[in-house]
Amino acid sequence: NAGVTQTPKFQVLKTGQSMTLQCAQDMNHNSMYWYRQDPGMGLRLIYYSASEGTTDKGEVPNGYNVSRLNKREFSLRLESAAPSQTSVYFCASNLLLTGPNQPQHFGDGTRLSIL
Amino acid sequence: AQSVTQLGSHVSVSEGALVLLRCNYSSSVPPYLFWYVQYPNQGLQLLLKYTTGATLVKGINGFEAEFKKSETSFHLTKPSAHMSDAAEYFCAVTQAAGNKLTFGGGTRVLVKP
């Protein structure tokens, strides 16, 4: 029972490089989310996709783009990485259609360092 | 706009002692509240959630939380700490529209033998 799978688990980039973080869920969830986690700041929403074919900005979208490839997959792209984007990135999913009380299920994260 | 404040970024407790983690929220509409736990190098796992109904919510691993509307609080407790409770705990709130979670800054729990 995989749940939410993120790849890669670790990555080091140089400033200006681009990269795509991958996320896939096998729980037939319709909504997916990307967060970043920084010390003392909890998790902050970057982008989310309420359903296949839709994406919306969260709290900190600048410098990122997303693609909802299909119902299972939701990718996050850094076009030109900056040191401020060094963080741990989490993907999450839930079944939003049944109501806002449905908890989100999280992947194990991607630890990204930008030099 | 909704917000969540967790009082204390670090809490140290002795094994067997009470664990109390504080969470206060602001929300213009009735909130849905969650507590998540994060073990080292892992993602977040749901401990418990409050939606409607009973204000005392029981979760996994012996944790429970009480929703107090008058105090806009949702504090997390466990009567007796275990070494395995060492982790970081996050309080989160969402409202009816969109299910976007807003997280508190997190509280890291250290359990001393």
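Attention here is on the structure that accompanies the text. Just so it is clear, the structure is predicted and the values come from calculations on it, not from any experiment.

1. Some thoughts on the sheet that holds strand S1 (residues 4-7) of chain A
Residue and element names in this part refer to chain A.
- Overall, antiparallel pairing links the four strands, which are arranged S1-S3-S8-S7 in an open sheet. The open sheet is flanked by S1 and strand S7 (64-68), the only strands paired with a single partner. Shown here is a sheet whose adjacent strand axes are inclined to one another by a mean of 20°, direction ignored.
- Pairing geometry for S1 and strand S3 (residues 19-25), over four bridges, is antiparallel. Residue pairing in the sheet places valine 4 in a bridge with glutamine 25 of S3.

2. Remarks on the interface of chain A and chain B
- Chain A puts 21 residues into the contact, and the matching count from chain B is 23 residues.
- Contact between chain A and chain B buries roughly 1,700 Å² in total, counting both sides, with carbon and sulfur atoms accounting for 56%.
- Between chain A and chain B we count zero salt bridges in total.
- Counting across the chain A and chain B interface gives three residue pairs in polar contact (both at pLDDT 80 or more).
- Taken together, the elements giving at least two residues each to the side of chain A that touches chain B come down to strand S4 (31-37), strand S5 (43-49) and strand S9 (87-94) of chain A.
- For the side of chain A that touches chain B, the class distribution of residues is eleven nonpolar, eight polar and two charged.

3. Some words on the packing of aromatic side chains
Residues and elements named next belong to chain B.
- All chains considered together, the criterion is met by 14 aromatic pairs over all chains.
- Between tyrosine 25 and phenylalanine 67 the ring centres are 6.2 Å apart and the planes differ by 25°, which places this aromatic pair in the stacked class. With tyrosine 25 in strand S3 (residues 19-26) and phenylalanine 67 in strand S7 (residues 64-68), this pair connects stretches of sequence that are 42 residues apart. Grouping residues by exposure puts tyrosine 25 and phenylalanine 67 together as buried.
- On the numbers, 6.4 Å between centres and 55° between planes, the contact of tyrosine 50 with phenylalanine 74 is tilted.

4. Looking at the pattern of salt bridges
All names here are of chain B.
- Taken as a whole and judged by the stated rule, the model has six salt bridges over all chains.
- Between aspartate 85 and lysine 78 there is a salt bridge, and its shortest N-O distance comes to 2.9 Å. Taken individually, aspartate 85 and lysine 78 each receive the classification buried, so the pair is uniform in this respect.
- Of the charged contacts, one joins glutamate 88 and arginine 108 as a salt bridge, the two residues approaching to 2.9 Å between their closest N and O atoms. Residue glutamate 88 is found in strand S9 (residues 87-94), and its partner arginine 108 is found in strand S11 (residues 107-112); the two are separated by 20 residues along the sequence.
- On the accessibility criterion, glutamate 88 (11% relative accessible area) is buried.
- Residue classification places arginine 108 among the partly exposed positions, given a relative accessible area of 41%.

5. Description of the side chain of glutamine 6 of chain A
Residues and elements named next belong to chain A.
- Along the chain, glutamine 6 falls in strand S1.
- A distance of 2.9 Å separates a polar atom in the side chain of glutamine 6 from the backbone oxygen of tyrosine 89.
- Of note is the side chain of glutamine 6, whose polar atom sits 3.1 Å from the backbone nitrogen of glycine 109.
- With near-sequence residues (within four places) excluded, glutamine 6 lies in contact with Gln22, Trp34, Tyr89, Phe90, Cys91, Gly107, Asp108, Gly109 and Thr110.

6. Structural notes on the nonpolar core
- Core analysis: the biggest nonpolar cluster contains 26 residues, and Trp35, Leu47, Leu48, Phe74, Leu76 and Tyr89 of chain B have the highest contact counts within it.
- Residues contacting leucine 76 of chain B, with those up to four places away along its chain left out, are Val19, Leu20, Leu21, Trp35, Leu47, Leu48, Phe63, Glu64, Ala65 and Tyr89 of chain B.
- Residues Val4, Met19, Leu21 and Leu112 of chain A belong to the second largest nonpolar core, which totals 20 residues.

7. Quick notes on the side chain of serine 93 of chain A
- As for its position among the elements, serine 93 of chain A is in strand S9.
- If near-sequence neighbours (up to four positions away) are discounted, serine 93 of chain A is found in contact with Val4, Gln25, Met27, His29, Ser31, Met32, Tyr33, Pro103, Gln104 and His105 of chain A.

8. Side note on the state of the cysteines
- Applying the stated criterion to the full structure yields two disulfides over all chains.
- A sulfur-sulfur distance of 1.9 Å marks the disulfide that ties cysteine 23 of chain A to cysteine 91 of chain A. Its torsion about the S-S bond being -75°, the disulfide of cysteine 23 of chain A and cysteine 91 of chain A is classed as left-handed. Of this pair, cysteine 23 of chain A sits in strand S3 while cysteine 91 of chain A is found in strand S9, placing the two residues 68 residues apart along the sequence.
- On the basis of relative accessibility, which here comes to 0%, the residue cysteine 91 of chain A falls in the buried class.
- Disulfide pairing is shown between cysteine 23 of chain B and cysteine 91 of chain B; the S-S distance is 2.0 Å.

Reading the values: the criteria
- Residues numbered from 1 in each chain as written.
- Chains lettered and ligands numbered in written order.
- Predicted model: local features only at pLDDT ≥ 70, side-chain atom pairs only at ≥ 80, totals over all residues.
- Heavy atoms only, no water.
- Pairing = 2+ DSSP bridges.
- Helix = DSSP H or I, 4+ residues; strand = E, 2+ residues; numbered from the N terminus.
- Axes fitted to C-alpha atoms, helices over the stretch in contact; angles between N-to-C directions.
- Contact = heavy atoms within 4.5 Å.
- Buried area = accessible area lost by both parts, 1.4 Å probe.
- Salt bridge = Lys/Arg side-chain N within 4 Å of Asp/Glu carboxyl O.
- Polar contact = N/O pair within 3.5 Å; in protein donor to acceptor, adjacent residues only side chain to side chain.
- Nonpolar A, V, L, I, M, F, W, Y, C, P; charged D, E, K, R; others polar.
- Phe/Tyr/Trp six-rings, centres within 6.5 Å; stacked < 30°, edge-to-face > 60°.
- Buried < 20%, exposed > 50% of the residue type's maximum accessible area, 1.4 Å probe, protein only.
- Core = buried A, V, L, I, M, F, W, Y, C linked by side-chain atoms within 4.5 Å.
- Disulfide = S-S within 2.5 Å.

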